[in-house]
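What follows is each chain in one-letter form.
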Amino acid sequence: GIQVEQSPPDLILQEGANSTLRCNFSDSVNNLQWFHQNPWGQLINLFYIPSGTKQNGRLSATTVATERYSLLYISSSQTTDSGVYFCAPRDGFYGGSQGNLIFGKGTKLSVKP
Amino acid sequence: GAVVSQHPSRVICKSGTSVKIECRSLDFQATTMFWYRQFPKKSLMLMATSNEGSKATYEQGVEKDKFLINHASLTLSTLTVTSAHPEDSSFYICSAAQLNSYEQYFGPGTRLTVT
């Protein structure tokens with residue numbers, strides 16, 4: 001199956017700093033999602049981004065499927081950005097329905113005031 | 001839009017008892033629902049996929065007789081942990097996807113503690 005590698009595993013930022021989180025995957029994927037898991041465990045959809053670049057406020061994401069990686073940019077970080085960021089490519093079709101998301105181990109972000 | 005709820009958010013049960021967790025899509029019809037398990041400080045592990053009206057498809061290593069999944073309607077799926085043991089203690093998260101959509105939306109999770 002697909003292997004997903006996220007880096008860095010841990011990141012500590014001062015409020016206001018920018019950061020880039022990276023997600024490498026080992027095989028072709030037909031889609032990819034980025035999530036933020038807040039300290040209470042809720043996964044929040046950030047981006048659904050099979051390819052190209054999308055922006056949403058201070059966050060943006062770029063996926064280059066042919067080179068098997070995706071990047072998540074966080075600008076002007078805030079303390080509320082703290083949590084774990086997961087990248088989850090989809091491994092293709094399973095039994096004729098949607099394929100499965102394969103989660104990386106995540107990047108734990110701590111933003112200090 | 002695309003809100004998924006789970007109930008209960010926390011449950012403590014005694015070893016040997018069964019626990020049912022509900023997952024509901026509140027504002028859309030979920031043709032497919034997924035159940036994940038997450039250990040502390042670890043990633044999410046897919047347990048099973050269920051399509052409305054069909055039997056669930058379990059991932060390798062997941063006991064289907066222990067983790068009973070029912071997806072009886074387009075807005076509700078349930079996971080029943082039967083004869084729970086302390087090693088079943090974990091954070092269980094469901095997600096839901098609409099027909100012809102690849103995007104999954106996640107519930108807030110249920111923390112199960114088996115004593």
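Quantities reported herein were computed from a predicted structural model and do not represent experimental measurements. Each chain carries its own residue numbering, running from 1 in the written order of its sequence. The order in which chains are written sets their letters, starting at A; the order in which ligands are written sets their numbers, starting at 1. For a predicted model such as this one, the threshold for reporting local features is a pLDDT of at least 70, and the threshold for listing and counting side-chain atom pairs is 80 or more; totals across whole chains, interfaces and linings nevertheless cover every residue. With hydrogens and water set aside, each side-chain value is computed from the structure's full complement of heavy atoms.

The next thing to look at is the interface of chain B and chain A. With 25 residues of chain B at the contact, the number on the chain A side is 22 residues. Values labelled buried area give the accessible surface lost by two parts on being combined, using a 1.4 Å probe and summing over both. Summed over both sides, the interface between chain B and chain A buries roughly 1,800 Å², with carbon and sulfur atoms accounting for 51% of that surface. When the buried area of chain B at its contact with chain A is split by residue, Tyr102(B), Glu103(B) and Phe106(B) rank highest and sum to 34% of it. A side-chain nitrogen of Lys or Arg and a carboxyl oxygen of Asp or Glu constitute a salt bridge if their distance falls within 4 Å. Our count for the chain B to chain A interface comes out at 0 salt bridges. Throughout this description, a polar contact denotes any pair of N or O atoms lying within 3.5 Å of each other; where both atoms belong to protein, one of them has to be capable of donating a hydrogen while the other can accept it, and for residues adjacent in sequence the pair is counted only when both atoms sit in side chains. Remark: the boundary between chain B and chain A carries 7 residue pairs in polar contact (both at pLDDT 80 or more). Each helix is a run of H or I in the DSSP string that is no shorter than four residues. Each strand is a run of E no shorter than two, and both are numbered from the N terminus. When contributions to the side of chain B that touches chain A are tallied by element, the ones reaching two or more residues are strand 4 (32-38), strand 5 (44-51), strand 9 (90-97) and strand 10 (105-106) of chain B. In this description, contact between two residues means that some pair of their heavy atoms is separated by no more than 4.5 Å.

Cavities and pockets were defined on a 1 Å grid built over protein atoms only: a cavity is a set of grid points that admits a 1.4 Å probe from which the probe cannot escape, a pocket is an open set flanked by protein on both sides within 12 Å along at least five of seven lines, and lining residues are those with an atom within 4 Å of any such point. Grid points are joined across faces, edges and corners, and a volume is the space filled by probe spheres set on the points. The space that makes up the largest pocket amounts to roughly 640 Å³. Taken together, 24 residues line the largest pocket, and the ones lying closest to its centre are Gln37(A), Val84(A), Gln38(B), Lys41(B) and Lys42(B). Looking at the lining of the largest pocket, the elements that each hand over two or more residues are strand 9 (83-90) and strand 10 (107-112) of chain A. Each residue is assigned to one of three groups, with Ala, Val, Leu, Ile, Met, Phe, Trp, Tyr, Cys and Pro labelled nonpolar, Asp, Glu, Lys and Arg labelled charged, and all others, Gly among them, labelled polar. Residues of the lining of the largest pocket, tallied by class, amount to 8 nonpolar, 10 polar and 6 charged.

Here we come to unusual backbone geometry. Residues and elements named next belong to chain A. Cis geometry is found at the peptide bond from Ser7 to Pro8, where omega equals -10°. One non-glycine residue, Arg68, adopts positive backbone phi at about 60°. The topology assignment puts Arg68 in the loop between strand 7 (59-64) and strand 8 (69-74). For the exposure calls, accessible area comes from a 1.4 Å probe over protein chains only, and a residue counts as buried if that area is under 20% of its type's maximum, exposed if over 50%, partly exposed in between. Residue Arg68 is classed as partly exposed on the basis of its relative accessible area of 34%. Phi at Ser76 takes a positive value of approximately 45°, unusual for a residue other than glycine. Secondary-structure assignment places Ser76 in the loop between strand 8 and strand 9.

In plain words, nonpolar cores are sets of buried Ala, Val, Leu, Ile, Met, Phe, Trp, Tyr and Cys residues tied together by side-chain atoms within 4.5 Å. Val4(B), Trp35(B), Phe67(B), Leu79(B), Tyr92(B) and Leu112(B) are the most contacted members of the largest nonpolar core, which has 25 residues in total. The set of elements that each furnish at least two residues to this core consists of strand 2 (10-13), strand 3 (19-25), strand 4, strand 5, strand 7 (67-73), strand 8 (76-81), strand 9 and strand 11 (110-114) of chain B. With residues near it in sequence (within four places) discarded, Leu112(B) still touches Val11(B), Cys13(B), Val19(B), Val81(B), Asp88(B), Ser89(B), Ser90(B) and Tyr92(B). Counting residues in each nonpolar core, the second largest holds 21 residues, with Val29(A), Leu46(A), Leu59(A) and Cys87(A) among its members.

This part covers the pairing of strand 4 of chain B. Residue and element names in this part refer to chain B. Across the 7 residues that make up strand 4, a large majority, 7, are buried. Of the two faces of strand 4, the one holding Thr32, Phe34, Tyr36 and Gln38 and the one holding Met33, Trp35 and Arg37 are both buried throughout. With 7 bridges connecting them, strand 4 and strand 5 associate as antiparallel partners. Within the sheet, the bridge partner assigned to Arg37 lies in strand 5 and is Met45. Of the pairings in the sheet, the one linking strand 4 to strand 9 comprises 7 bridges and is antiparallel in character. Within strand 9, the position partnered with Gln38 by the bridge is Phe91. Two strands make a pair as long as DSSP finds a minimum of two bridges between them.

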